[in-house]
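Spelled out from the first residue to the last, the chains are:
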Amino acid sequence: MANHDEMAIEKEIQSKNLNAPRLSPDKIDAAIVGEAYHVFPGTTMTVCALTLRNGFQVVGESAAASPSNFDEAIGRKIARDNARNKIWALEGYLLKDQLFRQDHPAAFVGAAAGAIKAGRS
(Lines give C-alpha, C1' and ligand atoms only; values in the text may rest on other atoms or scores of the structure.)
Protein backbone atom coordinates (compact mmCIF):
# COMPACT_ATOMS: atom_id res chain seq x y z
CA MET A 1 0.00 0.00 0.00
CA ALA A 2 1.54 3.30 -1.12
CA ASN A 3 2.17 5.89 1.55
CA HIS A 4 1.46 9.61 1.32
CA ASP A 5 5.01 10.49 0.21
CA GLU A 6 4.99 7.85 -2.54
CA MET A 7 1.64 9.09 -3.82
CA ALA A 8 2.89 12.71 -3.88
CA ILE A 9 6.03 11.73 -5.78
CA GLU A 10 4.01 9.60 -8.21
CA LYS A 11 1.66 12.54 -8.86
CA GLU A 12 4.64 14.84 -9.52
CA ILE A 13 6.23 12.31 -11.91
CA GLN A 14 2.97 12.03 -13.84
CA SER A 15 2.46 15.81 -13.93
CA LYS A 16 5.93 16.18 -15.49
CA ASN A 17 5.12 13.51 -18.12
CA LEU A 18 8.10 11.35 -17.15
CA ASN A 19 6.99 8.27 -19.06
CA ALA A 20 10.16 6.21 -19.48
CA PRO A 21 10.06 2.71 -17.99
CA ARG A 22 10.08 3.05 -14.21
CA LEU A 23 8.73 1.64 -11.01
CA SER A 24 5.61 2.93 -9.33
CA PRO A 25 3.95 2.22 -6.01
CA ASP A 26 1.33 0.16 -7.86
CA LYS A 27 4.04 -1.99 -9.46
CA ILE A 28 5.66 -2.56 -6.08
CA ASP A 29 2.32 -3.59 -4.58
CA ALA A 30 1.59 -5.86 -7.57
CA ALA A 31 4.84 -7.74 -6.90
CA ILE A 32 3.52 -8.84 -3.48
CA VAL A 33 1.44 -12.02 -3.52
CA GLY A 34 1.50 -12.96 0.15
CA GLU A 35 2.48 -11.86 3.63
CA ALA A 36 3.09 -13.51 6.97
CA TYR A 37 3.85 -12.08 10.41
CA HIS A 38 5.48 -13.36 13.55
CA VAL A 39 5.93 -11.76 16.96
CA PHE A 40 8.63 -13.49 18.93
CA PRO A 41 7.20 -14.62 22.30
CA GLY A 42 8.21 -12.44 25.22
CA THR A 43 9.54 -9.67 22.94
CA THR A 44 8.31 -6.70 20.96
CA MET A 45 10.07 -8.00 17.82
CA THR A 46 7.66 -8.22 14.90
CA VAL A 47 8.76 -9.72 11.59
CA CYS A 48 6.91 -9.49 8.29
CA ALA A 49 7.76 -11.77 5.37
CA LEU A 50 6.38 -10.58 2.04
CA THR A 51 6.28 -13.18 -0.71
CA LEU A 52 6.88 -11.83 -4.20
CA ARG A 53 5.38 -13.11 -7.43
CA ASN A 54 8.43 -15.29 -8.17
CA GLY A 55 8.40 -16.87 -4.70
CA PHE A 56 11.26 -14.78 -3.28
CA GLN A 57 10.62 -13.47 0.24
CA VAL A 58 11.56 -10.08 1.63
CA VAL A 59 11.67 -9.58 5.39
CA GLY A 60 11.06 -6.45 7.45
CA GLU A 61 11.11 -6.04 11.19
CA SER A 62 10.12 -3.71 13.97
CA ALA A 63 10.58 -3.62 17.71
CA ALA A 64 9.47 -1.27 20.46
CA ALA A 65 12.26 -0.07 22.75
CA SER A 66 9.83 -0.04 25.66
CA PRO A 67 7.54 -3.06 26.05
CA SER A 68 4.84 -0.78 27.46
CA ASN A 69 4.68 0.96 24.06
CA PHE A 70 4.30 -2.27 22.10
CA ASP A 71 1.22 -2.45 19.91
CA GLU A 72 1.01 -5.48 17.63
CA ALA A 73 -0.93 -3.69 14.86
CA ILE A 74 1.59 -0.85 14.75
CA GLY A 75 4.48 -3.35 14.82
CA ARG A 76 2.97 -5.22 11.88
CA LYS A 77 2.54 -1.99 9.89
CA ILE A 78 6.12 -0.87 10.51
CA ALA A 79 7.54 -4.32 9.74
CA ARG A 80 5.51 -4.52 6.51
CA ASP A 81 6.61 -1.04 5.44
CA ASN A 82 10.23 -1.98 6.10
CA ALA A 83 9.89 -5.16 4.03
CA ARG A 84 8.04 -3.35 1.23
CA ASN A 85 10.75 -0.68 1.03
CA LYS A 86 13.29 -3.40 0.20
CA ILE A 87 11.26 -4.36 -2.87
CA TRP A 88 12.06 -1.03 -4.55
CA ALA A 89 15.75 -1.95 -4.82
CA LEU A 90 15.03 -5.48 -6.05
CA GLU A 91 12.49 -4.37 -8.65
CA GLY A 92 14.75 -1.48 -9.66
CA TYR A 93 17.59 -3.90 -10.34
CA LEU A 94 15.28 -6.16 -12.32
CA LEU A 95 13.97 -3.27 -14.45
CA LYS A 96 17.48 -1.94 -15.11
CA ASP A 97 18.64 -5.42 -16.10
CA GLN A 98 15.69 -5.80 -18.50
CA LEU A 99 16.40 -2.40 -20.06
CA PHE A 100 20.10 -3.21 -20.39
CA ARG A 101 19.33 -6.52 -22.09
CA GLN A 102 17.00 -4.76 -24.54
CA ASP A 103 19.66 -2.17 -25.38
CA HIS A 104 22.59 -4.64 -25.52
CA PRO A 105 21.29 -7.98 -26.83
CA ALA A 106 24.65 -8.97 -28.31
CA ALA A 107 26.24 -8.85 -24.86
CA PHE A 108 24.23 -11.90 -23.83
CA VAL A 109 24.47 -14.17 -26.87
CA GLY A 110 27.97 -15.45 -26.05
CA ALA A 111 27.41 -15.28 -22.31
CA ALA A 112 24.32 -17.48 -22.51
CA ALA A 113 26.11 -20.05 -24.64
CA GLY A 114 29.06 -20.09 -22.23
CA ALA A 115 26.77 -20.57 -19.24
CA ILE A 116 24.96 -23.47 -20.90
CA LYS A 117 28.27 -25.11 -21.87
CA ALA A 118 29.52 -24.73 -18.27
CA GLY A 119 26.27 -26.25 -16.95
CA ARG A 120 25.00 -23.03 -15.34
CA SER A 121 21.75 -22.66 -17.24
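Structure first, text after, so check above.
What counts as what
Residues numbered from 1 in each chain as written. Predicted model: local features only at pLDDT ≥ 70, side-chain atom pairs only at ≥ 80, totals over all residues. Heavy atoms only, no water. Helix = DSSP H or I, 4+ residues; strand = E, 2+ residues; numbered from the N terminus. Buried < 20%, exposed > 50% of the residue type's maximum accessible area, 1.4 Å probe, protein only. Contact = heavy atoms within 4.5 Å. Areas by Shrake-Rupley, 256 points an atom, 1.4 Å probe, with all protein chains shown as cover. Pairing = 2+ DSSP bridges. Axes fitted to C-alpha atoms, helices over the stretch in contact; angles between N-to-C directions. Salt bridge = Lys/Arg side-chain N within 4 Å of Asp/Glu carboxyl O. Phe/Tyr/Trp six-rings, centres within 6.5 Å; stacked < 30°, edge-to-face > 60°. Lys NZ or Arg CZ within 6 Å of the ring centre and 35° of its normal. Core = buried A, V, L, I, M, F, W, Y, C linked by side-chain atoms within 4.5 Å.

## Concerning the overall build of the protein
Then step 1. Check the secondary structure of the protein and you find four helices and three strands.
Then step 2. If you list the helices and strands of the protein from N to C, you get α-α-β-β-β-α-α.
Then step 3. Within the protein, the proportion of its 121 residues that are buried is 21%.
Then step 4. For the protein, contacts bridging at least 24 residues in sequence account for 46% of all contacts bridging at least 6.
Then step 5. Carbon and sulfur atoms form 59% of the exposed surface of the protein, whose accessible area is close to 8500 Å².

## Thoughts on the pairing of strand β3 (residues 57-62)
Then step 1. Side chains V58, G60 and S62 of β3 all project onto a buried face; the interleaved residues Q57, V59 and E61 project onto a face where none is buried.
Then step 2. In this structure, strand β2 (residues 46-52) lies alongside β3, joined through six bridges in antiparallel fashion. Its bridge partner lying in β3, C48 is registered against G60.
Then step 3. Remark: four residues form the turn of the hairpin made by β2 and β3, two consecutive strands paired antiparallel; G55 in that turn has positive phi of roughly 95°.

## Considering the sheet that holds β2
Then step 1. Across the sheet, which stays open at both edges, the three strands sit in the order β1-β2-β3 with antiparallel pairing between neighbours. Single-partner strands in this sheet number two, and they are β1 (32-39) and β3. Direction aside, neighbouring strands of the sheet carry axes that sit 20° apart on average.
Then step 2. As defined by bridge partners, β1 adjoins β2 across seven bridges and the pair is classed as antiparallel. Pairing of H38 across the sheet is with V47, part of β2.
Then step 3. Lying over the sheet, helix α3 (residues 72-103) contacts β1, β2 and β3, oriented at roughly 140° with respect to β3.

## A word on the pattern of salt bridges
Then step 1. Summed over the entire model, instances satisfying the criterion amount to eight salt bridges.
Then step 2. Linking D29 and R84 is a salt bridge whose minimum nitrogen-to-oxygen distance equals 2.7 Å. Note that D29 is positioned in helix α2 (residues 25-31) and R84 in helix α3, a separation of 55 residues in sequence.
Then step 3. Residue classification places D29 among the partly exposed residues on the basis of a relative accessible area of 22%.

## Concerning the packing of aromatic side chains
Then step 1. Summed over all chains, the structure comprises zero aromatic pairs.
Then step 2. Note that R76 overlies the ring of Y37, its terminal NZ or CZ placed 3.8 Å from the centroid.

## Section: the nonpolar core
Then step 1. By size, the foremost hydrophobic cluster in this structure holds 12 residues: L23, I28, A31, I32, C48, L50, L52, V58, A79, A83, I87 and L95.
Then step 2. Mapped onto this core, the elements with two or more residues apiece are α2, β2 and α3.
Then step 3. In terms of residues, this core owes the most to one element, α3, which gives four residues.

## Things to note about the side chain of S24
Then step 1. Here S24 shows up in the loop between α1 (4-15) and α2.
Then step 2. Under the relative-accessibility criterion, S24 is labelled buried at 11%.
Then step 3. Dropping the residues within four chain positions of it, S24 is found in contact with E10 and W88.

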